[in-house]
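One letter stands for each residue in the lines below.
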Amino acid sequence: MSVVQHWVGGAAFAGASTRTAPVYNPATGVAQREVLLATTADVDHAVATAKAAFPGWSGTSVAKRQAVMFAFREQLNARKDELAAILTNEHGKVLSDAGGEIARGLEVVELACSIPQLMKGEYSENVSTGVDVYSIRQALGVVGIISPFNFPAMVPLWFFPLAIAAGNTVVLKPSEKDPSAAIWMAELFKQCGLPDGVFNVVNGDKESVDALLEHPDVASISFVGSTPIAKYIYETASKHGKRVQALGGAKNHMLVLPDADLDLVADSAVNAGFGSAGERCMAISVVVAVEPVADALIEKIQSRMATLKVGDGTRNCDMGPLITDVHRDKVASYLEIAEQDGAEIVVDGRGIEVDGDPNGFWLGPTLIDKVPTSSKVYTEEIFGPVLSVVRVKSYDEGLALINGSQYGNGTAIFTNDGGAARRFQNEVTVGMVGINVPIPVPVGYYSFGGWKNSLFGDAKAYGTQAIPFFTREKAITSRWLDPSHGGINLGFPQN
Ligand code: NAD
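Quantities reported herein were computed from a predicted structural model and do not represent experimental measurements.

**Description of the overall build of the chain**
Then, number 1: In terms of helices and strands, the chain carries 16 helices and 23 strands.
Then, number 2: At 25 Å, the chain has a C-alpha radius of gyration in line with the 23 Å of a compact globule built from 495 residues.
Then, number 3: With the principal axes as the frame, the chain shows a C-alpha extent of 85 × 60 × 40 Å.
Then, number 4: With 495 residues in all, the chain has 53% of them scored as buried.
Then, number 5: A fraction of 71% describes how many contacts in the chain between residues 6 or more apart in sequence connect residues 24 or more apart.

Structure follows, in C-alpha cells:
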C-alpha cells in the first residue's frame, strides 16, 4: 500500500514516524493508502525549514510574490479536475461538488493576487512641523494551519495563499482522513515558482497538532474543525503566546416565514441539507417552519428527496458517502435517538439503495419532523445528511430558538417581506446570514466566520480580516532634520 508522506523544503519528506493511519475511499470502504502521522521531531524539522525560508521570502519583492500567486492561480484553475478527482477519491463528495469546493478556494487565491494593494500602509504628512507618520505591514514569520476533513482543498486555501502572499512561511497540518489534496497543492505551488521551504505540509494527528501549538517558532495558528477541538486549540495556542483564529462547529437554522416561496425553500433545504452528505459547516441542519407552512413544506421537501441519487461520487450522483464507517454509524445513531425522543422520521436514510459498492460508508438523506428542542438531534451537531424540522408559531419564537443555540456559524431566512428580513439580519446572533440564500458563505473578499462557539478568537478567515491577522503593523514617526535645528527639550514634542 502506498504511503502519503509529508512535504518539507520543496520535497517529499518521510520523517521518523512509524505510526500511520489508513486513508479510505469512502465510496468503496477500502483502505487505499496510508498516511504518516508525524512525530514532534518531524514537526520541529518542518518548522525549522519554514523558519529558514522566511527571511528570503519575506524579503522578496511584493511584485515577485504576486507573480508566483498569479502562476499558482492559473495552474490551479487549469488542473482543477485532477484535484477534484483526489477530493472525490478520499472524501467521497461527488465530482461536481468537489469542483465547487475548488472554485470557492480559487476565489481566495485570486484575492491573494492583489497582495500589493492589500499590504499598503497609511501615511500622514506633517503631523508636527517636519514630522511624518506612516505605517507598514510585515509578515509574522512561520504560521501554522490545521484543517478538517470536510474541505481538504478549500479550507487550506482559505489561509495559505494570503499568508504566503503576505510574506509568511507556512506549516499546514491537513486532516489525516484525506491528506493527498494538500500535498498535491504544495507540489503545484513549487512548480509555479514558490521557493522551497515556504509552504510545508506535515501529516498527522494530535501529536503533530500539539507540536505546532507549543512550538516557540510558530507565530500564529489558523484552525478549522469541531468546537471542542477549536476551543482546545484557542486556549493552548494562546497560552503559548500565539495569535489564534479557531473556527468550530455549527448547527445552522433556516427560518421559513409563512409568506416565503415554498418551492424555493424546498429546493434550498434539500441542496443545503444534503449537499456533500451534510458534511459542511454551513449545511442547513434545522428547518424552522413558522406555521402554518410545515405540512406543505415537508411534502415538497419529501418529493424532492425522492429524486436524489446516492452513490459513488464519480458516477454522476447527487450525494456521496460519509467520511468513515465510524462517522456514518454515529450519524445513524441520531435516528434512534429521534425515535426515542418522540420525533417523526419522515424519510429514513438507513438501508438506502446506492449506485456504488455496498461496502461504502452510506447513509441516505433523512428527514425528521417535530424534533423536540430538548433532543440531542436538535442540540448536537450531527454533520451528516439529516435534516430536522422544528415547528414554531411565530417569527419571535423562531428567532429565540436560533439565538439560543450555542453555535452561530450560518443561518438563513426565507421570506418575501423585506422588513422581516431586515429585522432578522439585525436581531440574529449569527456570523453569516442568508436572505433567501441557504448557504451564505461570503465571497473571497469578505471574511468567513461565525459567532459564539463557532469561532474562538477575533479574526475570521480570508477576506478583509486576513491581512491584519497574517501581518504585524509597524507605525513609524520620521523627521529629517534641518541642519540648523538643535537644542534640548525633555517634553513631548508638540506642533
Ligand atoms: P476535528 O475537530 O475532528 O479535526 C480537525 C483537525 O484537528 C484535524 O486536522 C485533526 O487531525 C485535528 N484534531 C482532531 N482531534 C484533535 C485533538 N484531540 N487534538 C488536536 N488536534 C486534533 O474536525 P473534523 O471532523 O475533521 O471536521 C468536521 C468539523 O469541522 C465539524 O464540526 C465542522 O462543523 C467543522 N468545520 C467548521 C468550519 C467552519 O468554518 N466553522 C468549516 C469546516 C468544518
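What follows continues from the structure just given.
**Describing the site of the ligand**
Then, number 1: Close contacts around the ligand come from 27 residues, with Pro148, Gly225, Ser226, Gly249 and Cys281 the closest.
Then, number 2: Per-class residue counts for the shell around the ligand are 12 nonpolar, 10 polar and five charged.
Then, number 3: In this structure, the shell around the ligand is formed jointly by two domains, domain 1 (2–248 + 454–477) and domain 2 (252–435), each of which donates at least three residues.

**Let's talk about the pairing of strand 16 (residues 366–369)**
A regular strand places its side chains so that they alternate between the two faces of the sheet.
Then, number 1: Burial along strand 16 is two-sided: the face carrying Thr366 and Ile368 and the face carrying Leu367 and Asp369 are both buried.
Then, number 2: Here strand 15 (residues 344–347) runs beside strand 16; their pairing, made up of three bridges, is antiparallel. The partner of Val347 across the bridge, within strand 16, is Leu367.
Then, number 3: Across three bridges, strand 16 lies against strand 17 (residues 386–392) in parallel orientation.

**Remarks on the environment of Leu363**
Then, number 1: Within the secondary structure layout, Leu363 lies in the loop between strand 15 and strand 16.
Then, number 2: For Leu363, a count of 26 C-beta atoms within 10 Å puts it in the buried group.
Then, number 3: When the C-alpha positions of Leu363 and Val171 are compared, they lie 35 Å apart, and in sequence the two are 192 residues distant.
Then, number 4: What Leu363 contacts, discounting residues up to four positions off in sequence, is Leu322, Arg328, Val331, Ala332, Gly349, Arg350, Gly384 and Pro385.

**Quick word on helix 12 (residues 325–340)**
Then, number 1: With 16 residues, helix 12 should reach 22 Å at 1.5 Å per residue; the first-to-last C-alpha distance of 23 Å fits that figure.
Then, number 2: His327, Arg328, Val331, Ala332, Tyr334, Leu335 and Ala338 are the residues of helix 12 that are buried. Down the axis, helix 12 shows its buried residues gathered within 135 degrees of arc, on one side only. Exposed residues lying more than 90 degrees from the buried face of helix 12 are Val326, Asp329, Ser333, Glu336 and Gln340.
Then, number 3: Summarising the contacts, the buried residues of helix 12 are in contact with strand 15, strand 16, helix 13 (376–379) and strand 17.
Then, number 4: Gly342 lies just past helix 12 and shows a positive phi near 85 degrees.

**Considering the UniProt feature "domain: Aldehyde dehydrogenase" (unreviewed entry) in the chain**
Then, number 1: If you check UniProt for "domain: Aldehyde dehydrogenase" (unreviewed entry), the listed places come out as residues 17–476 in our numbering.
Then, number 2: End C-alpha atoms of residues 17–476 are separated by 47 Å, and the span's content is 40% helix alongside 22% strand.

**Brief notes about the sheet that holds strand 7 (residues 131–139)**
Then, number 1: Strand order in the open sheet formed by three strands is 6-7-23, and the pairing between neighbours is antiparallel. The open sheet has two free edges, formed respectively by strand 6 (123–128) and strand 23 (471–479), since each of these has just one partner strand. Averaged over all adjacent pairs, the angle separating strand axes in this sheet is 30 degrees, with direction ignored.
Then, number 2: Looking at chain direction, strand 7 and strand 23 are connected through nine bridges and run antiparallel. For Asp132, the partnering residue across the bridge sits in strand 23 and is Ser478.

**Quick word on the domain arrangement of the chain**
Then, number 1: The domains assigned to the chain are domain 1 (2–248 + 454–477) and domain 2 (252–435).
Then, number 2: Taken over C-alpha atoms, the centre of domain 1 sits 31 Å from the centre of domain 2.
Then, number 3: Across the contact, 17 residues belong to domain 1 and 25 residues belong to domain 2.
Then, number 4: Listing elements by their share of the side of domain 1 that touches domain 2, those giving two or more residues are helix 3 (80–91) and helix 4 (95–112).
Then, number 5: Per-class residue counts for the side of domain 1 that touches domain 2 are seven nonpolar, seven polar and three charged.

**Brief notes about the sheet that holds strand 4 (residues 20–25)**
Then, number 1: Ordered by their spatial adjacency, three strands build an open sheet running 1-5-4, and the pairing between neighbours is mixed. Two strands bound the open sheet, and with one partner strand each, they are strand 1 (2–4) and strand 4. Across this sheet, the average inter-strand angle for adjacent strands is 40 degrees, counted without regard to direction.
Then, number 2: Both strand 4 and strand 5 (residues 30–36) contribute to a ladder of six bridges, which runs antiparallel. Residue pairing in the sheet places Thr20 in a bridge with Leu36 of strand 5.

**Some points on the packing of helix 1 (residues 40–58) against helix 8 (residues 206–214)**
Then, number 1: Running from N to C, helix 1 and helix 8 cross one another at 45 degrees; their axes reach a closest spacing of 9 Å. Looking at the two axes, helix 1 sits oblique to helix 8. Pair helix 1 / helix 8 crosses with right-handed handedness. Along the contact surface, helix 1 presents Thr40, Val43 and Asp44, while helix 8 presents Glu207, Ser208, Ala211 and Leu212.

The rules behind each value
Residues numbered from 1 in each chain as written. Predicted model: local features only at pLDDT ≥ 70, side-chain atom pairs only at ≥ 80, totals over all residues. Helix = DSSP H or I, 4+ residues; strand = E, 2+ residues; numbered from the N terminus. Rg over C-alpha atoms; globule rule 2.2 N^0.38 Å. Buried ≥ 20, exposed ≤ 12 C-beta atoms within 10 Å, placed from the backbone. Contact = placed C-beta atoms within 7 Å. Near = placed C-beta within 6 Å. Nonpolar A, V, L, I, M, F, W, Y, C, P; charged D, E, K, R; others polar. Domains from an automatic or database assignment. Pairing = 2+ DSSP bridges. Expected span 1.5 Å × (residues − 1). Arc of directions from axis to C-beta. UniProt positions renumbered as here; feature names shortened; annotations may be inferred. Axes fitted to C-alpha atoms, helices over the stretch in contact; angles between N-to-C directions. Parallel < 35°, antiparallel > 145°, perpendicular 65-115°, else oblique. Left-handed = near helix turned anticlockwise from the far one by under 90°.

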